[in-house]
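# Coordinate inspection notes
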Amino acid sequence: MKIAAPRMAKLDSILPDSPRLLMGAGPVPIPAEVANANGRVINHLGHPMNAITSSLQEMGKYIFQTSSSKIFGISGPASAAMEMAMSSLLWEGRSVLVLNLGTFSNRFAEQAKAVKAEVTELFPKHHMRAFTLSEVCEQLDNKHFDVLTIVQGETSCGVKNIELEQIAKYASAMGVLVVVDAVSTLTTMPLEMDLWGIDVVFTGGQKGLSSVAGVSMIAFSERAYKVVKERTVINSHWCLDPIKANEFWCNKNYHYTAPVSGLLALYEALRLIVEETLEARFKRHLDCSQGLQHCLVAMGLDLYAPVECRLNSVVAIEVPEKIDSKQLLKLMSEKYGVEISGAFGANIVRIGQMGEQCRPENIEKTVGALAKALAELGFSKAKDTFAA
Ligand SMILES: *Cc1c(COP(=O)(O)O)cnc(C)c1O
């Protein structure tokens, strides 16, 4: 039987008339330079691609704060970068301690199990709190682990691991390879790969970097790369094998066809970050996020994570009683043109504060949209205060 050609609508008739402001947990708005770069195609081998990959590595050293040369781009989501780390450092007979705070930290455990590693999951003593060094020490002092995984910011619930530096330094000194998920946080707040003893750190394009989705970045310390190089158990991942990625990124040979447009977009995104400098970028993010949090509290809303471990790059807000979060998101998006995120479990909505999201005009528009939508759904701060 022949399948007849379907009749398809033009793209413009599918997309909203005016673009929505993406203020959720990612993807985030991209600068014009990034969008332009993403529209170009060049050869995936030879000059100028070699100049692009070398520059991406040089800028990668800056954003990860590492002198390691083992920095690779990955054609895939941030989860693919995570998978490159887990599948190359773990196999049957190796062990990992997973610090599990929620959806994304849990993904580490799933990927480790998939390559038959022995997985120990640690959950925080206090619900919704960051891991403390002492909780982690209890585990590390009792048993040897080959790898420890930790997320800098658990985007799913808006909690930040505030003792990441101490935990990484402690584990690293014990010879444990430390793998950090900095997907929602890199370039929005400090992270020092070398100084903190981090062995692998990765991020996606569509969050803090304000680039396009589908191209990610990862850095391996020399120590971690050596483990991968010396493993005798065959790596079950071909696309995500760091040794093969190294061929393209360091030796400029073919591995698979690189996502050329996405790499050009990433080049522009990183160039803008380098131009802004990390210090200025951290300050912009902190100021913007704290400004937003002030507005939300002033509106009478409760923020989900306690202030001491609150993640500034994605702010989780408790949905007020009697408000339906689905209705709220729909109203904000369709009537006011601002998209924010729901959540996977808890009754929260989340506002992203990553990269281009952290611009005063975007915060203003988002707070305005949220206030108007909430009012239309019957929420009023005055009423609540009166009732209490
Ligand atoms: C978004 C996110 C991921 C997953 O990123 P994908 O690009 O969807 O694979 C992983 N970890 C954290 C902390 C995230 O915020």
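In this report, the structure presented in the accompanying data block is examined. (Residues numbered from 1 in each chain as written. Predicted model: local features only at pLDDT ≥ 70, side-chain atom pairs only at ≥ 80, totals over all residues. Heavy atoms only, no water.)

### Brief notes about the sheet that holds strand E10 (residues 215-220)
- Reading across from one edge, E2-E10-E9-E8-E5-E3-E4 is the order of the 7 strands in this open sheet, with mixed pairing throughout. Only two strands of the sheet have a single neighbouring strand rather than two, namely strand E2 (70-75) and strand E4 (118-122). Taking each pair of neighbouring strands and ignoring which way they run, the sheet shows an average axis angle of 20°.
- Taken strand by strand, helix H9 (residues 242-249) contacts E2 and E10, and its axis lies near 95° from that of E2. (Pairing = 2+ DSSP bridges. Helix = DSSP H or I, 4+ residues; strand = E, 2+ residues; numbered from the N terminus. Axes fitted to C-alpha atoms, helices over the stretch in contact; angles between N-to-C directions. Contact = heavy atoms within 4.5 Å.)

### Focus on a nonpolar patch on the surface
- A grouping of Leu 11, Ile 14 and Leu 15 is seen on the molecular surface, where their side chains present a nonpolar patch of about 320 Å² in accessible area.
- By the element assignment, Leu 15 lies in the loop between helix H1 (11-14) and strand E1 (21-22). (Patch = residues over 30% accessible without salt bridge, like charges linked within 9 Å, V, L, I, M, F, W, Y side chains within 5 Å. Areas by Shrake-Rupley, 256 points an atom, 1.4 Å probe, with all protein chains shown as cover. Salt bridge = Lys/Arg side-chain N within 4 Å of Asp/Glu carboxyl O.)

### Here's the deal with the packing of aromatic side chains
- Going through the model one piece at a time under the given rule, you end up with 5 aromatic pairs.
- Its guanidinium or amino end placed over the ring of Phe 104, Lys 207 lies 5.2 Å from that ring's centre, counting from NZ or CZ. (Phe/Tyr/Trp six-rings, centres within 6.5 Å; stacked < 30°, edge-to-face > 60°. Lys NZ or Arg CZ within 6 Å of the ring centre and 35° of its normal.)

### Topic: helix H11 (residues 278-298)
- In this model, H11 (21 residues) spans 30 Å end to end at C-alpha, consistent with the 30 Å of a helix rising 1.5 Å per residue.
- Within the span of H11, buried status applies to Leu 278, Arg 281, Phe 282, Arg 284, His 285, Cys 288, Ser 289, Leu 292, Gln 293 and Leu 296. The buried residues of H11 occupy one face: seen down the axis, they fall within an arc of 160°. Away from its buried face by more than 90 degrees, H11 exposes Glu 279, Lys 283 and His 294.
- Those residues of H11 that are buried are in contact with helix H3 (49-64), helix H10 (260-276), strand E11 (314-318), strand E13 (348-352) and helix H13 (360-376). (Expected span 1.5 Å × (residues − 1). Buried < 20%, exposed > 50% of the residue type's maximum accessible area, 1.4 Å probe, protein only. Arc of directions from axis to C-beta.)

### Things to note about the side chain of Ser 184
- Within the secondary structure, Ser 184 sits in the loop between strand E8 (177-181) and strand E9 (200-203).
- For Ser 184, the side chain forms a polar contact with the main-chain oxygen of Gly 153, separated by 3.5 Å.
- A polar contact is formed between the side chain of Ser 184 and the side chain of Thr 155, at a distance of 2.9 Å.
- Apart from residues no more than four positions distant in its own chain, Ser 184 is found in contact with Gly 153, Thr 155, Lys 207, Leu 311, Ser 313 and Met 354. (Polar contact = N/O pair within 3.5 Å; in protein donor to acceptor, adjacent residues only side chain to side chain.)

### A few points about the environment of Phe 248
- Summarising the element assignment, Phe 248 is placed in helix H9.
- Expressed as a C-alpha distance, the spacing of Phe 248 and Pro 27, which sit 221 residues apart in the sequence, is 27 Å.
- Setting aside chain neighbours within four positions, we find Phe 248 in contact with His 44, Leu 45, Met 49, Thr 53, Asn 253, His 255 and Ala 258.

### Looking at helix H4 (residues 78-89)
- For H4, built from 12 residues, the straight-helix expectation of 16 Å at 1.5 Å per residue is met to within 8% by its first-to-last C-alpha distance of 17 Å.
- The buried fraction of H4 is high, at 10 of 12 residues.
- All of the buried residues along H4 are Ala 78, Ala 80, Ala 81, Met 82, Met 84, Ala 85, Met 86, Ser 87, Ser 88 and Leu 89.

### Here we look at the site of the ligand
- Lining the immediate environment of the ligand, one finds 13 residues, of which Ser 79, Thr 155, Asp 181, Gln 206 and Lys 207 sit closest.
- At a separation of 2.6 Å, a nitrogen atom of the ligand approaches a polar side-chain atom of Asp 181.
- Residue Gln 206 places a side-chain N or O atom 2.8 Å away from an oxygen atom belonging to the ligand.
- Burial of the ligand by the protein amounts to 89% of the accessible area it has alone, namely 380 Å².
- Of all the secondary structure elements, the ones that give two or more residues to the shell around the ligand are H4 and helix H5 (103-114).
- The class makeup of the residues in the shell around the ligand is 5 nonpolar, 5 polar and 3 charged. (Near = heavy atom within 4 Å. Nonpolar A, V, L, I, M, F, W, Y, C, P; charged D, E, K, R; others polar.)

### Topic: the nonpolar core
- By size, the foremost hydrophobic cluster in this structure holds 85 residues, and its most contacted members are Leu 148 and Ile 218.
- In terms of residue count, the dominant contributor to this core is H4 (8 residues).
- Met 23, Leu 301, Ile 317 and Ala 373 belong to the second-largest nonpolar core, a separate cluster that totals 28 residues. (Core = buried A, V, L, I, M, F, W, Y, C linked by side-chain atoms within 4.5 Å.)

### What about the environment of Ile 167?
- Relative to the elements of secondary structure, Ile 167 occurs in helix H7 (residues 164-173).
- For Ile 167 and Val 178, which are 11 residues apart along the polypeptide, the C-alpha to C-alpha distance reads 9.1 Å.
- With residues up to four places along the chain from it excluded, the contact list for Ile 167 reads Leu 99, Phe 131, Thr 132, Leu 133, Val 136, Leu 148 and Ile 150.

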